[in-house]
Each structure stands twice: as C-alpha cells, then as structure tokens.
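A look at the structure
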Amino acid sequence: MSVDVEQRIRDRAYTIWLEQGCPHGQDGDHWLQAERDVAATVTLVGIPAETAAPAVKAPRKSAKKAVEAEPVAPVVSEAPVKARKPRARKTVPA
C-alpha cells in the first residue's frame, strides 16, 4: 500500500470517528469503512490512488471540543470555614 493511500485512509477513518461522536474501541471498524470509502473513490474516479487528491482533514479544534468532558462542579464542604485568629507579632528589641 502506498504511503499516500494509507494517509488518505487514515484521514477518512479520523473523519468517520469524528462524525460518530468520537466513540472508543471502534477504530478497527472505522479503518475498514475508510478503506472501503477510499477504494470506492479511486474506482469511481478511475485514476490510480497515488495520483488522486488527498482527503480533507477535519479541523483539530472540533475534535478537541468533542473529546472535552463536561465541566465538573466544585466540591462544596458542608462544614463552615472557621475564622483564624491573627498571629501575635514578635517584638523586636531596640
């Protein structure tokens, strides 16, 4: 397999992963679907895969947003915070 074809499959698998909401554990399925998609594209166009235009990558920002977890609420203690007494200052001999 040519490096260009493998890169196109990798890009397509990544796009499929993003489209499906970034699920975990389905990388093999995404790769196989990407191989079928790239093979169909090359067959339909009728040009060798090495000379075909590369697939367009999805922007990285959208992937980061999709992967980010929901914000976690801070833990609030039920006990009130006690006020501390100020420290006594040391006297300096003159």
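Cut-offs and rules
- Residues numbered from 1 in each chain as written.
- Predicted model: local features only at pLDDT ≥ 70, side-chain atom pairs only at ≥ 80, totals over all residues.
- Heavy atoms only, no water.
- Helix = DSSP H or I, 4+ residues; strand = E, 2+ residues; numbered from the N terminus.
- Buried < 20%, exposed > 50% of the residue type's maximum accessible area, 1.4 Å probe, protein only.
- Areas by Shrake-Rupley, 256 points an atom, 1.4 Å probe, with all protein chains shown as cover.
- Contact = heavy atoms within 4.5 Å.
- Salt bridge = Lys/Arg side-chain N within 4 Å of Asp/Glu carboxyl O.

**A few points about the overall build of the chain**
Counting its secondary structure elements, the chain contains three helices and zero strands. In the chain, the succession of α and β elements from N to C terminus is α-α-α. Every one of the 94 residues in the chain was classed for burial, and the buried ones make up 18%. Accessible surface, the chain: about 8400 Å² in total, of which carbon and sulfur atoms supply 59%.

**Quick look at the side chain of His30**
Locating His30 in the fold gives a position in helix α2 (residues 27-45). Apart from residues lying up to four places away in sequence, His30 is in contact with Ala13, Ile16, Trp17, Gln20 and Pro23.

**Some remarks on unusual backbone geometry**
Backbone geometry at Cys22 places phi at a positive 60°, although glycine is not the residue there. Structurally, Cys22 can be placed in the loop between α1 (3-19) and α2. We classify Cys22 as buried; its relative accessible area is 8%.

**Regarding the pattern of salt bridges**
According to the stated counting rule, one finds three salt bridges in the structure shown. When the shortest N-O distance is used, the salt bridge between Arg10 and Glu6 registers 3.0 Å. Note that Arg10 and Glu6 are positioned in helix α1 at a spacing of four residues, about one turn of the helix. Judged by relative accessible area, Arg10 falls into the partly exposed class, the value being 38%. Arg12 is paired through a salt bridge with Glu19; the nearest N and O atoms lie 3.9 Å apart. Here the salt bridges do not stand alone but share partners, grouping Arg12, Glu19 and Asp37 into one network.

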